[in-house]
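Residue strings, one per chain:
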Amino acid sequence: MPWKDWIRTVEVEPSLYAADFAHLGAQIDVLLRAGVRIFHFDVGDGHFVEPITIGPIVLQSISKLIHDAGGHVDCHLMTEHPEKYFGAIAEAGGDSVTVHYEACDDLPGAVHKAREQELQIGLAFKPATDAAEAAEAAVAAGFDLVLCMSIEPGYSGQEFMPEVYERIRTTRSLLPPDVPVQVDGGIGPENIRAVRDAGATLFVAGSSIFGREDLPRAYRRLLQELA
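The rules behind these values
- Along every chain, residues carry numbers that run from 1 in the direction the sequence is written.
- Totals for whole chains, interfaces and linings use every residue, but because this is a predicted model, local features are given only for residues with pLDDT of at least 70 and side-chain atom pairs only at 80 or more, for both listing and counting.
- Water and hydrogen atoms were dropped before computing side-chain values, which therefore reflect all heavy atoms in the structure.
- Known as pLDDT, the predictor's confidence for each residue is given on a scale from 0 to 100.
- A run of H or I in DSSP becomes a helix once it reaches four residues, and a run of E becomes a strand once it reaches two; helices and strands are each numbered from the N terminus.
- Centre distance within 6.5 Å is the pairing criterion for rings of Phe, Tyr and Trp, where only the six-membered ring of Trp is used; planes under 30 degrees apart are then read as stacked, over 60 as edge-to-face, and the remainder as tilted.
- Note on exposure labels: buried denotes an accessible area under 20% of the residue type's maximum, exposed denotes more than 50%, and partly exposed covers the range between, all computed with a 1.4 Å probe on protein chains only.
- Note on terminology: a nonpolar core comprises buried Ala, Val, Leu, Ile, Met, Phe, Trp, Tyr and Cys residues joined through side-chain atoms within 4.5 Å.
- The contact definition used throughout considers only heavy atoms, calling two residues in contact when any of these lie within 4.5 Å.
- Paired strands, as defined in this entry, are two strands with at least two bridges between them according to DSSP.
- Axis lines are fitted through C-alpha atoms, for helices just across the contact stretch, and the angle between N-to-C directions can take any value from 0 to 180 degrees.
- Whenever a nitrogen or oxygen atom comes within 3.5 Å of another N or O atom, the pair is scored as a polar contact, on the condition that within protein one atom can donate a hydrogen and the other can accept it, and that pairs from neighbouring residues in sequence are kept only if both atoms are in side chains.
- Criterion for a salt bridge: a side-chain nitrogen of Lys or Arg within 4 Å of a carboxyl oxygen of Asp or Glu.
- An arc is given here, and it is the one of the directions from the helix axis to the C-beta atoms.

Peer 1: Would you explain the confidence of the model for the protein chain in this entry?
Peer 2: Detailed reading of the predicted coordinates is not advisable wherever pLDDT falls low. Looking at the protein chain, pLDDT values average 93 and 94% of them are 70 or higher. When mean pLDDT is compared element by element in the protein chain, strand β1 (residues 11–14) scores highest at 98, while helix α1 (residues 3–6) scores lowest at 86.

The following block contains the structure:
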């Protein structure tokens, strides 16, 4: 199923990296009941980004819960040689993989390998990377979405970089209408509307959801800001 069939105009994706792992299944269930349909799943390898984060074993433990409720798991691979993980991600229940422009030498090859695993695929780029260059590469290789990082990848809880608004506008202007722009990092009720106005339709939110006591209320507040 392609991204265009997942997105209900806009989607707020809770970032599981920021969840309480002692209560991960319960938190996912609460958010599914609140209306969440796409969860963001960060994989860090300790090389491309410093932290070693969650991986396919954790994904396998939660994917059925999410799929049974009609949801999807969007996996952000902050790794070197991300293609080597596609098979394990697909087997564990991932629905989409996003690779980094800075870490992937063969972008068309990555798209081909994702298609072989029946995965959707996105292209992410860091704040220091030229937005036009990354967007044009994504179009040429046939990616399904483009992720504009609004923080340095690797750590949750960083503040949104305001210069990213212009980068979002540039990215959106260069993509076909059916290729969504996703933004990840520092998204909260104070800026999500401006991020949407710049051209994004997918919003990854970590601390602004999982850092609150009432997760459904935090999620719905972000949606209300987009209304």
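We are not done yet, so read on.
Peer 1: When you look at the packing of aromatic side chains in this model, what are you seeing that I'm missing?
Peer 2: The geometry of two aromatic rings is summed up by the distance between their centres and the angle between their planes. Enumeration over the complete set of coordinates arrives at two aromatic pairs. On the basis of an interplanar angle of 55° and a centroid distance of 4.5 Å, the ring pair of Trp-3 and Trp-6 is categorised as tilted. Taken together, the residues Trp-3 and Trp-6, both in helix α1 and three residues apart, mark about one turn of the helix. For the pair shown, Trp-3 and Trp-6 are each scored as buried. Ring centres of Phe-160 and Tyr-165 lie 5.0 Å apart, and the angle between their planes is 45°; this geometry places the pair in the tilted category. Phe-160 sits in the buried class, given a relative accessible area of 12%.

Peer 1: What exactly am I supposed to notice about the nonpolar core here?
Peer 2: One broad rule of soluble globular proteins: the nonpolar side chains tend to lie buried together. Of all hydrophobic cores here, the largest spans 64 residues; its most connected members are Phe-41, Val-97, Ile-121, Phe-143, Ile-168, Val-195 and Ile-209. Sorting elements by how many residues they give to this core places helix α6 (residues 131–141) first, with six residues. What Ile-168 contacts, discounting residues up to four positions off in sequence, is Cys-148, Val-181, Val-183, Val-195, Ala-198, Gly-199 and Ala-200.

Peer 1: Please explain the sheet that holds strand β4 (residues 96–100) as it appears in this structure.
Peer 2: What holds strands together in a sheet is hydrogen bonding between their backbones, with the strands either parallel or antiparallel. Reading across from one edge, β1-β8-β7-β6-β5-β4-β3-β2 is the order of the eight strands in this open sheet, with parallel pairing throughout. For this open sheet the edge positions go to β1 and β2 (38–44), each flanked by a neighbour on one side alone. Across the sheet, the mean angle from the axis of one strand to that of its neighbour is 25°, orientation sign disregarded. As defined by bridge partners, strand β7 (residues 181–184) adjoins strand β8 (residues 202–205) across three bridges and the pair is classed as parallel. Bridged to Asp-184 within β8 is Val-204. Strands in contact with helix α3 (residues 56–68) are β2 and β3 (72–78); relative to β3, the strand with the most contacts, it is inclined by about 150°.

Peer 1: Teacher, can you tell me more about the side chain of Ser-63 here?
Peer 2: On the secondary structure map, Ser-63 appears in helix α3. Since its relative accessible area comes to 6%, Ser-63 is described here as buried. For Ser-63, the side chain forms a polar contact with the main-chain oxygen of Ala-92, separated by 2.8 Å. Ser-63 has contacts with Ala-92 and Gly-93, leaving out every residue within four places of it along the chain.

Peer 1: It is not clear to me how the pattern of salt bridges should be interpreted in this structure. Could you clarify?
Peer 2: Where charged atoms of side chains with opposite charge meet at close range, the side chains can pair. Across all of its chains, the model carries eight salt bridges by this definition. Salt-bridge contacts for Arg-8 lead to Glu-11; the nearest nitrogen and oxygen are separated by 2.7 Å. Of the charged contacts in the structure, one is a salt bridge between Lys-64 and Asp-68, with a shortest N-O distance of 2.7 Å. In this pair, Lys-64 and Asp-68 are both assigned in helix α3, four residues apart and thus about one turn of the helix distant. Residue classification places Lys-64 among the exposed residues on the basis of a relative accessible area of 56%. Asp-68 sits in the exposed class, given a relative accessible area of 56%. What emerges from the salt-bridge pattern is a single network uniting Arg-193, Arg-196 and Asp-197.

Peer 1: When you look at α6 in this model, what are you seeing that I'm missing?
Peer 2: Side chains three or four residues apart in an α-helix point the same way, a direct result of the helix having 3.6 residues per turn. Regarding α6, the residues found buried are Ala-131, Ala-134, Ala-135, Ala-137, Ala-138 and Ala-141. Projection of α6 onto a plane perpendicular to its axis shows the buried side chains occupying an angular sector of 160°, all on one side. Looking at the buried side of α6, the elements it contacts are α5 (107–116), β5 (120–125), β6 (145–149) and α7 (164–174). Two or three places before Ala-132, at the start of α6, stands the capping residue Asp-130, its side-chain oxygen 3.2 Å from that residue's backbone nitrogen. Positive backbone phi, approximately 85°, marks Gly-142, located one or two places after α6.

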